[in-house]
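Overview (structure and organization)
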Amino acid sequence: MTQLCRAQGDSGRGERWYCIGRADHPGPHTDDHGRARHLPSEALQELVHRWGRTHRVAYTGTLWVAVHRDPHTHWRTEIEPTPELLEVRLREHHGPPPGPAPELEPGAVPRQRGATP
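Residues numbered from 1 in each chain as written. Predicted model: local features only at pLDDT ≥ 70, side-chain atom pairs only at ≥ 80, totals over all residues. Heavy atoms only, no water.

1. Side note on the pattern of salt bridges
Taken as a whole and assessed by the stated rule, the structure comprises seven salt bridges. Residue Arg37 is joined to Asp31 by a salt bridge in which the shortest nitrogen-to-oxygen separation is 3.0 Å. Each member of the pair, Arg37 as well as Asp31, is classed as buried. With its nearest N and O atoms 3.2 Å apart, the salt bridge here joins Glu87 to Arg50. With Glu87 in helix H2 (residues 83-94) and Arg50 in helix H1 (residues 40-51), this pair connects stretches of sequence that are 37 residues apart. Looking at Glu87, the relative accessible area reads 10%, which means it is buried. Here the salt bridges share partners, and the residues they tie into one network are Asp31, Arg35 and Arg37. (Salt bridge = Lys/Arg side-chain N within 4 Å of Asp/Glu carboxyl O. Buried < 20%, exposed > 50% of the residue type's maximum accessible area, 1.4 Å probe, protein only. Helix = DSSP H or I, 4+ residues; strand = E, 2+ residues; numbered from the N terminus.)

Structure follows, in structure tokens:
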């Protein structure tokens, strides 16, 4: 019998998603609607990689939060239900991220929190 992946998460609308892939599947997790899903830890690492120079980014378990490091900036705090919406709001209010975007760097591995650029 094939073991199923145990990954699960919150859709951002109060719904749970469960990965339908095998336990040893490569690539991102896929929900029962065929959407690629990322675990909160993966999404957080990507957001910190892109926005960590200017923002502190956190996941509360239900909401995604980004707080600008400069207390005098406009739009200091962003709070959204999904990492995708947080990214959209950050780009709307602050322009492109100051860190390198992994999607533009083939084969790039996101830096760990606290790593030097």
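After presenting the structure, the write-up continues.
2. Digging into the layout of surface pockets
Of the volumes computed, that of the largest pocket is approximately 510 Å³. In terms of lining, the largest pocket is formed by 26 residues, of which the most central are Arg37, His38, Thr82, Pro83 and Glu84. Those elements that provide at least two residues to the lining of the largest pocket are strand E1 (8-10), strand E2 (16-18), strand E4 (36-37), H1 and H2. The greatest single-element share of the lining of the largest pocket, amounting to five residues, is contributed by H1. Taken together, the residues of the lining of the largest pocket sort by class into ten nonpolar, seven polar and nine charged. (1 Å grid on protein atoms, 1.4 Å probe; cavity = no way out; pocket = protein on both sides within 12 Å on 5 of 7 lines; lining within 4 Å. Points joined across faces, edges and corners; volume = space filled by probe spheres on them. Nonpolar A, V, L, I, M, F, W, Y, C, P; charged D, E, K, R; others polar.)

3. A short note on the pairing of strand E5 (residues 55-59)
Inspection of the sheet shows E5 paired to strand E6 (residues 64-68) by five bridges, in the antiparallel sense. For Arg56, the partnering residue across the bridge sits in E6 and is Val67. Hairpin geometry of E5 and E6 is characterised by an intervening segment of four residues between the two adjacent antiparallel strands and by a positive phi of about 110 degrees at Gly61. (Pairing = 2+ DSSP bridges.)

4. Focus: the sheet that holds E5
Spatially, E5-E6-E7 is the arrangement adopted by the three strands of the open sheet, whose pairing is antiparallel. Edge positions in the sheet fall to E5 and strand E7 (77-80), since each has one partner strand and no second. Each neighbouring strand pair of the sheet contributes to a mean axis angle of 10 degrees, computed without reference to strand direction. The sheet strands contacting H1 are E5 and E6, and the helix crosses E5 at an angle near 175 degrees. Packing of H2 onto the sheet brings it into contact with E5, E6 and E7, and relative to E7 it is tilted by some 150 degrees. (Axes fitted to C-alpha atoms, helices over the stretch in contact; angles between N-to-C directions. Contact = heavy atoms within 4.5 Å.)

5. Things to note about the nonpolar core
Membership of the largest hydrophobic core is limited to nine residues, which are Ala43, Leu47, Val48, Trp51, Val57, Trp64, Ala66, Leu86 and Leu90. Every element with two or more residues in this core is listed here: H1, E6 and H2. Ranked by residue count, the leading element in this core is H1, at four residues. Once you skip the residues sitting within four places of it in the chain, Trp51 turns out to touch Val57, Glu87, Leu90, Arg91, His94, Gly95, Pro96, Pro97 and Pro98. (Core = buried A, V, L, I, M, F, W, Y, C linked by side-chain atoms within 4.5 Å.)

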